[in-house]
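# Fold and geometry: a report
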Amino acid sequence: MSESHTGANIAELLHNVSDEWKIRNKDLVLVSDNASNMAVAAQLGKFSHVRCYAHTLNLASQRALKLPSVSRLLGRVRRIATFFHRSAIANHQLKEKQKQLNLPSHKLKSDVITRWNSAYEMLERFLEQQPAVCAALLSQEVRKGAAEIFTLTESDISCSEDVITALKPMKDATLLMSEESSPTACLIAPLHAKLIQDMKENTEEKSVMIREIKRVICEDLSKRYTTDQETSLLNKCASLDPRFKALPFLSKEKREETYKTLITEASSLQEEVPDNLEDSTVKEANISVSPQPEVTELQDDCPTTSKGRASSLLHNLLGQTFSDASDTPYHQSPSALVEEEMTRYCSTPPLPLTEDPLNWWHVNKVSFPVLSKMAKRYLCIPATSVSAERGSSPLQVIL
């Protein structure tokens, strides 16, 4: 079955689901893996499309693991781990050597072909236990019971350390995607730019292994998220996250373009909002506003404070000329309102990376009523489809 035919079927299925859930009139975002048929489905179904970042990281890292030098090294470490798993004598000797060398009593790990980070963890655990492993392999008890002893050279140990060093940023990014309670699309643009920067070739790097690993990862990451639709969507998501709103990973021109696009979109959204925006903002802030009592005359038997009397007199004298702001509100154009709001938003201190951007918007929604609505539209988009693929639909609705 061709990819276009499969993509058409997927698009039709997603439309049927959206009709069933009565969300066809919403702005829908398809979050999926990097499969080409999903890209076709998004195009045919006219969905905005976000490629799962966890899958993107896996694809780039798998390319590095398939390098001949890395693949051979992983095969040698895998054979050693398998040997200790199968041999009770070798496993017993490993535990004894761990005690003698004051090493953690950890088992060796084996990798799983579908999880790139399992290869990283296998190497990491081997390096941790390498003194105990070598001591156990050289022990007389193990050598008598084994037809072939698998040992690594000093060069292999050095190469293992280089692989760990080169892949550490990818490992951290993968953990972030899997451990974050709600990894949203606002993470993708800054994280992607940072990884590409880290993986760019450094001529001062002496290790050939590290240079080669970084080269292939950089090549793979650089070809992801390159369309105008993808970059615009991801940059807008990042700009609405108070942690990343300065967009330092973009050029000045791209930053201004992102802000301008966001202002234009927010202005059109503002035009759809009822005129009593100020009233709704007050309600959101749980502020009770009572109408001013009509003042007709001052009565001596109802004493008032001097301030209250002055206010009443001022109302009597100038009330016809200067009416209350609530009666004749100052109207700004939607564009001017959003631009002013965006200026204030950008001038606020950035949120620390340890804080939750959703909580920030909840606290500041009264100060930024229009942008907070935009944040609701974009910060609900997940950065990964892992959870969706485990048990729910990959169709994400922008509320």
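Conventions we followed
Residues numbered from 1 in each chain as written. Predicted model: local features only at pLDDT ≥ 70, side-chain atom pairs only at ≥ 80, totals over all residues. Heavy atoms only, no water. Helix = DSSP H or I, 4+ residues; strand = E, 2+ residues; numbered from the N terminus. Buried < 20%, exposed > 50% of the residue type's maximum accessible area, 1.4 Å probe, protein only. Contact = heavy atoms within 4.5 Å. Areas by Shrake-Rupley, 256 points an atom, 1.4 Å probe, with all protein chains shown as cover. Axes fitted to C-alpha atoms, helices over the stretch in contact; angles between N-to-C directions. Parallel < 35°, antiparallel > 145°, perpendicular 65-115°, else oblique. Left-handed = near helix turned anticlockwise from the far one by under 90°. Nonpolar A, V, L, I, M, F, W, Y, C, P; charged D, E, K, R; others polar. pLDDT = per-residue confidence, 0-100. Disulfide = S-S within 2.5 Å. Polar contact = N/O pair within 3.5 Å; in protein donor to acceptor, adjacent residues only side chain to side chain. Core = buried A, V, L, I, M, F, W, Y, C linked by side-chain atoms within 4.5 Å. Salt bridge = Lys/Arg side-chain N within 4 Å of Asp/Glu carboxyl O.

## Focus on the overall build of the chain
Assigned secondary structure in the chain consists of 18 helices and three strands. When each of the 399 residues of the chain is scored for burial, the buried share is 41%. Counting only contacts in the chain whose residues sit at least 6 apart along the sequence, the fraction spanning at least 24 positions is 70%. When the accessible surface of the chain is split by element, carbon and sulfur atoms take 52% of a total near 23200 Å².

## A word on the packing of helix H4 (residues 68–86) against helix H6 (residues 116–138)
Helix-helix packing is characterised by the crossing angle of the two axes and by the distance between the axes. At their nearest, the axes of H4 and H6 sit 10 Å apart, and the two run at 60° to each other. Taken together, the axes of H4 and H6 are oblique relative to one another. Considering the relative orientation of H4 and H6, their crossing is left-handed. Taken together, the residues of H6 that come into contact with H4 (itself represented by Leu-74, Val-77, Arg-78, Ile-80, Phe-83 and Phe-84) are Ala-119, Met-122, Leu-123, Phe-126, Val-133, Ala-136 and Leu-137. Across the contact of H4 with H6, the residue classes break down as twelve nonpolar, no polar and one charged.

## Here we look at the confidence of the model for the chain
When pLDDT is averaged across the chain, the result is 83; 79% of the residues are at 70 or more. Considering only residues more than four positions removed or in separate chains, one finds that residues 275–304, a stretch of pLDDT under 50, has 16 contacts. Taken as a whole, residues 391–399 scores under 50 in pLDDT and shows 34 contacts with residues more than four places along the chain or in a different chain.

## A few points about the state of the cysteines
On inspection of all chains with the given rule, the structure shows zero disulfides. Of the cysteine sulfurs around Cys-237, a residue in no disulfide, the closest is that of Cys-186, at 7.0 Å.

## Here we look at unusual backbone geometry
Unlike most non-glycine residues, Asn-102 shows phi in positive territory, near 55°. Of note, Asn-102 is situated in the loop between helix H5 (88–100) and H6. Note on Asn-102: relative accessible area 71%, which makes it exposed. For Leu-247, which is not glycine, the phi dihedral falls at a positive 50°. Of note, Leu-247 is situated in the loop between helix H11 (228–239) and helix H12 (252–271).

## Digging into the side chain of Arg-243
Looking at where Arg-243 falls in the secondary structure, it is placed in the loop between H11 and H12. Among the residues examined, Arg-243 registers a relative accessible area of 14% and is labelled buried. At 2.7 Å, the side chain of Arg-243 and the side chain of Asp-241 are in polar contact. Dropping the residues within four chain positions of it, Arg-243 is found in contact with Cys-186, Leu-187, Leu-351, Pro-352, Leu-353, Glu-355 and Pro-357.

## Focus: the nonpolar core
The biggest cluster of nonpolar side chains holds 86 residues, and the ones touching the most others in it are Phe-84, Leu-167, Met-170, Ile-213, Ile-217, Trp-361 and Ile-381. Tallying contributions element by element places H6 first for this core, with ten residues. With sequence-adjacent residues up to four places away left out, Met-170 is seen in contact with Leu-57, Ala-60, Ser-61, Trp-116, Leu-195, Met-199, Ile-217 and Leu-221.

## Focus: the pattern of salt bridges
Considering all chains together, one arrives at 20 salt bridges under this definition. A salt bridge links Arg-377 to Asp-27, with the shortest nitrogen-to-oxygen separation between them at 2.6 Å. Of this pair, Arg-377 sits in helix H17 (residues 369–378) while Asp-27 sits in strand S1 (residues 27–32), and the two are 350 residues apart along the sequence. On the basis of relative accessibility, which here comes to 38%, the residue Asp-27 falls in the partly exposed class. Among the salt bridges present, the one from Asp-156 reaches Arg-76, with a minimum N-O distance of 2.8 Å. Of this pair, Asp-156 sits in helix H8 (residues 154–179) while Arg-76 sits in helix H4, and the two are 80 residues apart along the sequence. Connected through shared salt-bridge partners, Asp-27, Lys-236, Glu-265 and Arg-377 make up one network.

## A few points about the environment of Ser-385
With respect to the helices, strands and loops of the structure, Ser-385 is situated in the loop between H17 and helix H18 (386–391). Ser-385 sits 335 residues away from Val-50 along the chain, and the two C-alpha atoms are 9.2 Å apart. Once residues lying within four places of it in the same chain are set aside, the contact partners of Ser-385 are Val-31, Ser-32, Asp-33 and Cys-52.

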